[in-house]
Amino acid sequence: MRCKFCGRDADIYIPYPRMHLCKEHFIVYFERKIERTINRYKMFSKEDKILIAIGGGKDSAVASYILKRFGYTIEGLFLDLGIGGFSEKSRRYAEKQCKDVDIPIHRVEIRKLFNRGINEVKSSRPTCAICGATKRYIFNKFAYDNDFNVLVTGHNLDDESSFVLSNLINWNIEYLGRQGPILPGTGKFIRKVKPLYEVTEVEIKEYADVIGIEYISERCPLSKGEKIPRYKHVLNELEKMSSGVKINFIKGFLRNRHLFKFDLGKSSILKECKVCGMPSQGEVCVFCRIWGLDKPVELKVS
Ligand SMILES: [Zn+2]
Ligand SMILES: [Zn+2]
């Protein structure tokens, strides 16, 4: 098979839109796609100070590599959840990835802050929910405390389409209204964006391999009971039957998202947490309750 653009021998096949590409033109194709996503949703500009959540996996590594290559001002934050060997290994990859693309990396260690790991919290909530709430809070507060105005995560098309499917099946209307490539900032909430929103896991893996980006491929050992992989599996099966299902599902969702109205300003999030001063639904925010705090966690770096 020959490359669609240059006619040389092709190395990579993209099922949707059906294309054979050489390595060089795959890189061009992939980077253009991300550039278009950034511009289409007006995610950020060269004036913005961007924080990226680096976890050691392929998604955030590829996102930071490309954003740096495009010339954006970007720094990484690694959150160490204190899950023994897995966190250790993730941290080593994250540090190497940041070093290789020459961006500063910041580290926040849960165990140092609270004397326990994410799986040692006594709570009725499932560990993945505690972890999700902790990540959201720390990344947002770190960005806020250190004057970043955009927070980037490595969520890709497979993640996003499976979240939407899962939230539709469970009719989580509020989540559906908020889901998307960009969540605008308001008050102490920093703008959150997903530049890999329209590329698949397979494409990201291919890109990482072509460029030579190393990453951790194990999944978190605590995520065993998580349901998202099922939805990913179902979507992959559908994709095999007719390619383009995921991207068309997600684009259709964005066209119809107004059906799930959600207004951050008018939602129930109106108060400030009594402990930390960050936005909260109750008197004390979920994060301060989970960790039993009586004073705010200090994340400002000098
Ligand atoms: Zn080519
Ligand atoms: Zn709080």
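Summarised in this report is the structure supplied together with it. (Residues numbered from 1 in each chain as written. Chains lettered and ligands numbered in written order. Predicted model: local features only at pLDDT ≥ 70, side-chain atom pairs only at ≥ 80, totals over all residues. Heavy atoms only, no water.)

**Description of the coordination of the zinc ion (ligand 1)**
Reference values for angles at a metal are 109.5 degrees in the four-donor tetrahedral case and 90 or 180 degrees in the six-donor octahedral case. For clarity, the threshold we go by: Metal-coordinating donors are taken as N, O and S atoms lying within 2.8 Å of the metal, or within 3.2 Å when the metal is Na, K or Ca; because water is left out, some sites can appear incomplete. Key to geometry: four donors with every angle between 85 and 135 degrees are tetrahedral; four donors are square planar and six octahedral where opposite donors lie over 155 degrees apart and all remaining angles lie between 65 and 115; all other sites are irregular. Per the convention used, a helix needs a DSSP run of H or I reaching at least four residues, while a strand needs a run of E reaching at least two, with both numbered from the N terminus. The cut-offs for exposure are 20% and 50% of the maximum accessible area for each residue type, with area from a 1.4 Å probe on protein chains only; residues under the lower value are buried, those over the upper are exposed, and the others partly exposed.
Looking at the zinc ion (ligand 1), the protein donor atoms are Cys3 (SG), Cys6 (SG), Cys22 (SG) and His25 (ND1), and they sit 2.1 to 2.3 Å from it. Seen from the zinc ion (ligand 1), its four donor atoms lie at angles of 96 to 115°, and the figure they make is tetrahedral. Along the chain, the residues donating to the zinc ion (ligand 1) fall in the pattern C-x2-C-x15-C-x2-H. A residue pair is termed long-range when its members are at least 10 positions apart, and Cys3 in the segment before β1 (12–14) and Cys22 in the loop between β2 (19–21) and α1 (23–40) qualify at 19 residues. Judged on exposure class, the residue Cys3 and its partner Cys22 are both buried.

**Observations concerning the packing of aromatic side chains**
What counts here: Think of it this way: a Phe, Tyr or Trp ring, Trp meaning its six-membered ring, pairs with another when their centres are within 6.5 Å, and the plane angle makes it stacked under 30 degrees, edge-to-face over 60, tilted otherwise. We count a charge as sitting over a ring when the NZ of a lysine or the CZ of an arginine lies within 6 Å of the ring centre and within 35 degrees of the ring normal.
Applying the stated criterion across every chain, the model contains 10 aromatic pairs. Note on Phe26 and Tyr29: the rings are 6.4 Å apart at their centroids and 35° apart in plane angle, and the pair reads as tilted. Taken together, the residues span about one helical turn, with Phe26 and Tyr29 both in helix α1 at a distance of three residues. Relative accessible area serves as the criterion here: at 0%, Phe26 is assigned to the buried category. The exposure class of Tyr29 is buried, given its relative accessible area of 13%. One aromatic cluster in this structure is built from Phe26, Tyr29, Phe30, Tyr65 and Tyr207. In this arrangement the basic side chain of Lys46 is found over the ring face of Tyr72, its NZ or CZ atom lying 5.2 Å from the centre. Positioned above the aromatic ring of Phe148, the side-chain terminus of Lys49 is 4.3 Å from the ring centre.

**Topic: the side chain of Glu31**
Test applied: Counting of polar contacts relies on pairs of N or O atoms within 3.5 Å, with two restrictions inside protein: one atom must be capable of donating a hydrogen and the other of accepting it, and residues adjacent in sequence are counted only when both atoms are side-chain atoms. Note on contacts: a residue pair is in contact if any heavy atoms of the two residues lie within 4.5 Å.
Tracing the chain through its elements places Glu31 in helix α1. Overall, Glu31 belongs to the buried group, its relative accessible area being 8%. In this structure the side chain of Glu31 is engaged in a polar contact, spanning 2.4 Å, whose partner is the side chain of Tyr207. Not counting residues within four places of it along the chain, the set of residues in contact with Glu31 comprises Ile66, Arg69, Phe70 and Tyr207.

**Examining the pattern of salt bridges**
Basically, it comes down to this: The salt bridge definition used is simple: a Lys or Arg side-chain nitrogen within 4 Å of an Asp or Glu carboxyl oxygen.
Applying the stated criterion to the full structure yields 25 salt bridges. Where Arg8 meets Glu24, a salt bridge forms, and the shortest distance between an N and an O atom there is 2.9 Å. Here Arg8 is found in the segment before β1, whereas its partner Glu24 is found in helix α1, with 16 residues between them in sequence. Here Glu237 ties to Lys240 by a salt bridge, and the two come within 2.9 Å at their closest N and O atoms. Of the two residues, Glu237 and Lys240 both sit in helix α9 (residues 228–241), three residues apart, roughly one turn of that helix. We classify Glu237 as partly exposed; its relative accessible area is 30%. A relative accessible area of 65% means that Lys240 is categorised as exposed. Through salt bridges that share partners, Glu88, Arg91, Arg92, Glu95 and Arg107 make up one connected network.

**Focus on the coordination of the zinc ion (ligand 2)**
Within the protein, the atoms that donate to the zinc ion (ligand 2) are Cys273 (SG), Cys276 (SG), Cys285 (SG) and Cys288 (SG), at distances of 2.3 to 2.4 Å. Classification of the site at the zinc ion (ligand 2) as tetrahedral follows from its four donor atoms and the range of 102 to 116° in their angles at the metal. For the zinc ion (ligand 2), the single-chain donor residues occur in sequence as C-x2-C-x8-C-x2-C. With a gap of 12 residues between them, Cys273 in the loop between β9 (271–272) and β10 (279–280) and Cys285 in the loop between β10 and α11 (286–290) connect regions that are remote in the sequence. The same class applies to Cys273 and to Cys285, which are both buried.

**Describing the sheet that holds strand β5 (residues 105–109)**
Put simply, the test is: Strands qualify as paired when DSSP identifies two bridges or more between them. Interaxial angles span 0 to 180 degrees and are taken between N-to-C directions of axes, which are lines fitted to C-alpha atoms, for helices over the stretch in contact.
Across the sheet, six strands lie side by side as β5-β4-β3-β6-β8-β7; this open sheet has mixed pairing. Either end of the sheet is taken by a strand with one partner, and the two such strands are β5 and β7 (182–183). Relative to β5, strand β4 (residues 73–80) runs parallel, the two being bridged by five bridges. Across the sheet, Asp80 pairs through a bridge with Glu109, a residue of β5. Strands β4 and β5 of the sheet are contacted by helix α3 (residues 84–101), whose axis makes an angle of about 170° with β4.

**Observations concerning unusual backbone geometry**
Between Tyr16 and Pro17 the backbone carries a cis peptide bond, its omega angle lying at -10°. Its place among the elements puts Pro17 in the loop between β1 and β2. Its identity as a non-glycine residue notwithstanding, Asp102 has a phi of 60°, on the positive side. Within the secondary structure layout, Asp102 lies in the loop between α3 and β5. In this structure Asp102 comes out as exposed when scored by relative accessible area, which is 58%. Residue Asp147 is not a glycine yet carries a positive backbone phi of 60°.

**Some thoughts on the environment of Cys288**
Here Cys288 shows up in helix α11. The buried category is assigned to Cys288, whose relative accessible area is 2%. Sequence spacing of Cys288 and Gly185 is 103 residues, and the spatial spacing of their C-alpha atoms is 21 Å.

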